[in-house]
Amino acid sequence: MLSRENIIRIVVSVNIVSWLLLLGLNLITLLQGYDKTTFGVPIAIRGLLLNLFLILVFFYFKARSEEESGSSFVDQLVRLLDVGWVLALISIVLRFADFFFDQFLHDRSAQMLLLFYHIHIGLVTLFLTQTFFVWKKFILYQRSRRLQLTWQIFEYALLASLFFNFFQLDSSDALFYIILIPLSLLGIITAFNLKWVAYLDVRDKWKAILLTFLIGLFCAYFFWNLSTYARDTEIVTNLIQSVYILALFVFVGGYSVLGCAVLLFNLPTSVVFEQKIEELLDFQRLTQTFQAKENETQVYETLLQSTSKASDADAAWLIVANENRQITNVLTKNIQKQQALATEKKIVKELKYTAQSPISETIRKGLLDGIIDDINYQSVLLVPLIFQDKLHGTLGLLKTQKDGFTTDNVELISTFARMTGVAIENFRLVSKVIENERYQESLNIARKVQQKLLPDHFADNKYFEISAFSQSGDEVGGDYYDIFQISDSRVILIIGDVSGKGTSAAFHMAQMKGIFHSLVELHPPPHRFLALANNALSRCLDKDQFITASVFMIDSEKGVIHHARGGHCLAIYYSNETQSSSLLQNKGMGLGLLRRPDYIKHVTTKTHTYQSGDWLILYTDGILEARNADGDEFGEQRLLTFTDTHTGLSTTHFIDAFWEYFRHFCGESEQQDDYTIVAVRFL
C-alpha cells in the first residue's frame with residue numbers, strides 16, 4: 001500500500017507532466033496553425049490536461065491544509081505572503097525577460113511568449129489555490145452548520161465549473177456569465193464570515209491589515225498579468241475564459257478586500273475591547289493574589305499596578321494604615337514617598353476629604369505648589385480602602401490633563417479598592433487565626449513539657465507521706481516543685497515560682513529545673529544551694545525577671561529539717577504536739593534580684609526538728625493572692641486555719657479537701673495566677 005508521501009510524489013509528478021503536455025499541445029497547435037475557435041479533438045484534450053492540472057493542484061493544497069493546524073491567523077498570512085512574494089518575483093523576472101527580448105534583441109517569438117504564459121498559468125494556479133484554502137480556514141473558524149453547508153456547496157460548485165474547460169467558452173457567451181455570476185456570489189456570501197478578526201489584538205490587526213492588503217495586491221497583479229498574456233498570445237489555452245479561475249479570482253480578491261475593511265472598522269473598538277480585557281485580567285490577578293494567600297504588601301503592589309494601568313495615571317501612591325489608622329507602609333509609582341504623603345495631606349485638607357467615598361477632581365491652580373515642582377498635575381483621584389467601616393489605606397492617582405478620570409475610571413478603581421479592602425480584612429483575620437493557632441500549639445507543647453518537668457507521683461517513703469497539686473493560671477505557668485533522694489534517709493524538697501506567667505515563665509522554670517538537678521548532685525547546704533542557683537540563673541534570666549524558691553533538706557534519721565528561703569512564701573509548719581500551725585520564719589532574697597557573688601549573705605539555713613504527726617505545707621503566692629467575688633484575698637490565715645482543722649486526713653485527702661475549699665472561696669472569679677500546694681506529713 002502506498003504511503004502518503006509516495007502519493008504526494010505521484011500527484012506532483014502527474015501535475016508536472018500534465019502541465020508539460022498542455023504546453024506541448026499548445027506549441028504544436030501554434031506551429032500547425034490550428035483554428036482555436038473550432039471544436040475538435042485538440043480542444044477537448046487541452047481542456048482535459050488543464051483540468052487535470054487544476055484538480056491535482058486543488059487536492060494537493062486541500063491535503064496540505066488539513067495537515068496544518070495550530071498556527072495563528074497572522075502566521076498563516078505571513079506564510080501566504082511569503083509564497084506570494086516568491087511567485088510574484090518569478091513573474092517579474094519573466095516579464096523582464098520578455099521585455100528584454102522584445103525591446104533589445106527584437107527576437108520575441110510566439111513560442112517563447114506561449115512558454116512564459118504557461119509558466120504564469122502555473123504561478124497563478126498555485127497562488128489562487130493556496131490562498132483559497134487559507135481563506136477557507138479563516139471562514140470556517142467558529143463555523144455553524146449552515147455556514148459549513150454553504151461552503152461545501154460553493155466548493156463543489158467551483159469544482160463542477162471545471163467541466164466547462166472542455167469547451168472554449170468566450171466571455172461574450174451568455175452561458176459564461178450564467179455560470180460565473182452565481183458562483184462568484186456564493187463565494188462572496190461565504191466571505192462575509194470574518195469571526196477570526198475579533199480574536200486579534202490591536203497589534204495583530206494592524207499586521208493583518210497590511211498582509212491582507214498585500215495579498216489582495218498580488219491577486220490584482222496576477223489577474224492583470226494573466227490578462228495581458230492572454231491578449232498578446234495568438235493561440236493559447238485562455239485561462240481568463242475559465243469560469244473556475246475567474247471565480248477563484250473573485251473569491252480571493254473579494255475576501256482580501258472584505259478582510260481589510262472589517263479589520264479597519266474593528267480597530268477603534270479593539271482598543272476599548274482590549275482595555276476591558278486588561279481590566280478583567282487585573283481583576284483576575286487581584287483574585288489570584290488573594291487566593292494564593294500572598295501577604296498584604298504583595299496585594300497592595302498588585303492593586304497599585306492594576307489601578308495605575310487601568311486609569312493610565314501618571315503617578316500613584318498607596319498609603320497603608322493599621323487598625324489604629326497609623327501609617328504602616330507607603331507604596332508609590334513615579335512619585336517620591338515624601339511627596340506622596342505631603343500631596344495627600346494637602347489635597348485632603350483643601351478638599352475636606354473624609355475618607356468615606358472616592359473623590360475625583362481637577363486640581364486647583366497652585367494647590368500642589370511647593371510639593372511637586374517638576375510636574376504640573378491637573379487631576380487627582382483619591383479612593384479609600386474601607387471594609388466594614390475599617391480604613392486600611394488610601395489610594396491616590398494623579399494625571400497631567402484636566403478631568404483625567406472618567407466615571408468609568410472611578411467605578412472600576414473603586415471596585416478594585418473594595419476587593420482589596422475585603423482581601424486585606426480577610427488576611428488580617430486569617431493571620432490572627434493562624435497566630436492564635438500557633439500560640440495554642442505552642443502552649444500545648446509547653447504544657448506537655450511542663451507536665452514532664454513536674455513529678456506526676458512521689459515514691460513511697462517510710463519516713464513521711466507527701467502529695468501535691470498544681471494548676472496554671474494560663475495554659476502553662478512558672479510554678480515548680482520537686483523532690484530529690486540524696487541518700488537513704490535524706491531528701492531535698494524544693495518549691496519555686498518564676499515571676500510572670502505563660503510560656504516565658506514556663507521556659508525559665510525549665511531552666512531552673514535543669515540547674516536544680518545539677519546542684520542536687522553536689523549536696524550543698526540549702527543556703528549554699530540557693531547561692532549557686534542564683535549565680536547560674538543570673539546568666540540566663542532576663543533583667544526584669546526573678547525566681548522565688550525554698551529549699552528543704554529533710555534528714556529523717558536525725559529528725560531535722562534544714563531550711564533556706566530565697567524570697568518565697570513562708571512555709572507552714574503544723575506541730576502535732578501543740579495542735580497548731582505557724583509560719584517558718586526565715587530571711588532570704590529572690591533568685592536573680594541580686595546578681596553578685598555576695599548574694600549568699602542574704603540567705604541563711606535554719607534547722608527545725610520534727611515529730612511524728614507533724615505537717616509541712618508549701619505553696620506559691622497565687623493561693624494567698626487569690627480573690628473572691630467581693631475582692632477579699634484568701635491570705636495566710638485561711639490557709640493556717642484550714643491546716644489546723646484537716647491534719648487528721650492523709651496528704652492526698654488533705655490536698656483534695658483544700659482544693660475544693662479553695663475553689664469554693666474563689667467562686668466564679670477569673671483565675672489570674674498559678675496555684676501550687678505541697679503537703680508533707682511525717683510518719
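What counts and how
- Residues numbered from 1 in each chain as written.
- Predicted model: local features only at pLDDT ≥ 70, side-chain atom pairs only at ≥ 80, totals over all residues.
- Heavy atoms only, no water.
- Helix = DSSP H or I, 4+ residues; strand = E, 2+ residues; numbered from the N terminus.
- Buried < 20%, exposed > 50% of the residue type's maximum accessible area, 1.4 Å probe, protein only.
- Contact = heavy atoms within 4.5 Å.
- Areas by Shrake-Rupley, 256 points an atom, 1.4 Å probe, with all protein chains shown as cover.
- Expected span 1.5 Å × (residues − 1).
- Arc of directions from axis to C-beta.
- Pairing = 2+ DSSP bridges.
- Axes fitted to C-alpha atoms, helices over the stretch in contact; angles between N-to-C directions.
- Parallel < 35°, antiparallel > 145°, perpendicular 65-115°, else oblique.
- Left-handed = near helix turned anticlockwise from the far one by under 90°.
- Nonpolar A, V, L, I, M, F, W, Y, C, P; charged D, E, K, R; others polar.
- Patch = residues over 30% accessible without salt bridge, like charges linked within 9 Å, V, L, I, M, F, W, Y side chains within 5 Å.
- Salt bridge = Lys/Arg side-chain N within 4 Å of Asp/Glu carboxyl O.
- pLDDT = per-residue confidence, 0-100.
- Phe/Tyr/Trp six-rings, centres within 6.5 Å; stacked < 30°, edge-to-face > 60°.
- UniProt positions renumbered as here; feature names shortened; annotations may be inferred.

You'll find the protein entered in an unreviewed UniProt entry as SpoIIE family protein phosphatase, with Xanthocytophaga flava given as the organism.

Turning next to the overall build of the protein. Looking only at helices and strands, the protein features 16 helices and 15 strands. Every one of the 683 residues in the protein was classed for burial, and the buried ones make up 48%. Long-range contacts, defined as pairs at least 24 residues apart, comprise 73% of the intrachain contacts of the protein with a sequence gap of at least 6. Per element, the accessible surface of the protein, about 34300 Å² overall, is 57% carbon and sulfur.

Turning next to helix 6 (residues 174–191). Look at helix 6: 26 Å from first C-alpha to last across 18 residues, which is about the 26 Å you get at 1.5 Å a residue. Three or more residues of helix 6 are buried, namely Phe176, Ile179, Leu180, Leu183, Ser184, Leu186, Gly187, Thr190 and Ala191. Relative to the axis of helix 6, the buried residues are bounded by an arc of 160° and lie together on one face. Residues of helix 6 that are exposed and point more than 90 degrees away from the buried face comprise Ala174, Ile178, Leu185 and Ile189.

Let us look at the sheet that holds strand 6 (residues 464–471). The antiparallel open sheet is built from 5 strands, whose spatial order is 6-15-14-11-12. The open sheet has two edge strands, strand 6 and strand 12 (580–583), and neither has a second partner. Each strand of the sheet is rotated relative to its neighbour by a mean of 15°, with strand direction disregarded. As judged from the 5 bridges shared by strand 14 (residues 615–619) and strand 15 (residues 675–682), these two strands associate in the antiparallel manner. Looking across to strand 15, one finds that Leu616 is bridged to Val680. The sheet contacts of helix 15 (residues 635–646) involve strand 11 (572–575), strand 12, strand 14 and strand 15, and relative to strand 12 the element is tilted by about 145°.

A word on the packing of helix 4 (residues 110–139) against helix 5 (residues 145–160). Axis separation between helix 4 and helix 5 bottoms out at 11 Å; the angle between their running directions is 165°. One finds that helix 4 runs roughly antiparallel with respect to helix 5. Handedness of the helix 4/helix 5 crossing: right-handed. Of the residues in helix 5, those in contact with Phe132, Lys136 and Ile139 of helix 4 are Leu147, Trp151, Phe154, Glu155 and Leu158. In terms of residue class, the contact of helix 4 with helix 5 is made up of 6 nonpolar, no polar and 2 charged.

Take helix 15 next. Taking 1.5 Å per residue as the helical rise, helix 15 with its 12 residues ought to reach 16 Å, and the 17 Å between its terminal C-alpha atoms agrees with that figure. Gly635, Leu639, Leu640, Phe642 and Thr643 are the residues of helix 15 that are buried. Buried positions along helix 15 lie against strand 11, strand 12, strand 14, helix 14 (621–625), helix 16 (651–666) and strand 15.

With that out of the way, let us pick up the pairing of strand 10 (residues 560–566). Of all 7 residues in strand 10, 6 are buried, a share of seventy percent or more. What sits between the antiparallel neighbours strand 9 (residues 547–555) and strand 10 is a turn of 4 residues, in which Gly559 has the positive phi angle 70°. Pairing of strand 10 with strand 13 (residues 605–609) involves 5 bridges; the strand directions are antiparallel. From the neighbouring strand, His562 faces strand 13, where its bridge partner is Thr607.

What follows is about a nonpolar patch on the surface. A surface patch of nonpolar side chains, amounting to about 300 Å² of accessible area, comprises Ile8, Val12, Ile16 and Leu20. As for its position among the elements, Ile8 is in helix 1 (residues 4–32).

Let us now look at the sheet that holds strand 9. Reading across from one edge, 7-8-9-10-13 is the order of the 5 strands in this open sheet, with antiparallel pairing throughout. Lying at the two open borders of the sheet, with one neighbouring strand each, are strand 7 (479–485) and strand 13. Recorded for the sheet is a direction-independent mean angle of 15° between the axes of neighbouring strands. Packed on one face of the sheet, helix 13 (residues 526–537) meets strand 8 (490–498), strand 9, strand 10 and strand 13 and runs near 30° to strand 10.

One can find Gln545 in the loop between helix 13 and strand 9. Residue classification places Gln545 among the buried residues on the basis of a relative accessible area of 9%. If sequence neighbours within four positions are ignored, Gln545 has contacts with Ser499, Ser504, His508, Gly592 and Arg595.

Before going further, it helps to examine the confidence of the model for the protein. As a general rule, the predicted coordinates of low-pLDDT regions are not to be interpreted in detail. Confidence along the protein averages 81 in pLDDT terms, with 84% of residues attaining 70 or more. In the model, residues 34–41 has pLDDT below 50 throughout and makes 14 contacts with residues more than four positions away in sequence or in other chains.

Evaluated as defined, the whole model comprises 6 salt bridges. Across the pair Glu155 and Lys62 runs a salt bridge whose closest N-O atoms are separated by 3.0 Å. Pair noted here: Glu155 is in helix 5 and Lys62 is in helix 2 (residues 41–67), with a separation of 93 residues, a long-range link. Exposure remark for Lys62: the relative accessible area of 19% places this residue in the buried category. Notably, a salt bridge pairs Lys513 with Asp482, separated by 2.8 Å at the nearest N-O pair. Highlighted residues: Lys513 in helix 12 (residues 502–520) and Asp482 in strand 7, separated in sequence by 31 residues. Among the charged side chains, a network of salt bridges with common partners joins Lys62, Lys136 and Glu155.

What follows is about the packing of helix 15 against helix 16. It is the contact of helix 15 with helix 16, at a shortest axis distance of 11 Å, that shows an interaxial angle of 140°. Between helix 15 and helix 16, the angle falls in the class oblique. Note that helix 15 runs across helix 16; the crossing there is right-handed. Between helix 15, through Arg638, Leu639, Phe642, Thr643 and His646, and helix 16, the contact on the second element is made entirely by Phe654, Ala657, Phe658, Tyr661 and Phe665. Its residues assigned to classes, the contact of helix 15 with helix 16 comprises 7 nonpolar, 2 polar and 1 charged.

Right, let's talk about the packing of aromatic side chains for a bit. Taken as a whole and assessed by the stated rule, the structure comprises 43 aromatic pairs. Judged by centre distance (5.5 Å) and plane angle (40°), the rings of Phe73 and Trp196 are tilted. Of the two residues, Phe73 is situated in helix 3 (residues 73–105) and Trp196 in the loop between helix 6 and helix 7 (202–232); the sequence distance between them amounts to 123 residues. By relative accessible area, which is 13% here, Phe73 ends up buried.

The next point concerns the UniProt feature "transmembrane region" (unreviewed entry) in the protein. Taking the numbering used here, the UniProt-annotated feature "transmembrane region" (unreviewed entry) corresponds to residues 7–31, 43–61, 114–135, 147–168, 174–194, 206–224 and 244–267. Annotated as residues 114–135, this span is 100% helix and 0% strand, and its ends, taken at the C-alpha atoms, are 31 Å apart. As annotated, residues 174–194 comprises 86% helix and 0% strand, and the C-alpha atoms at either end are separated by 33 Å.

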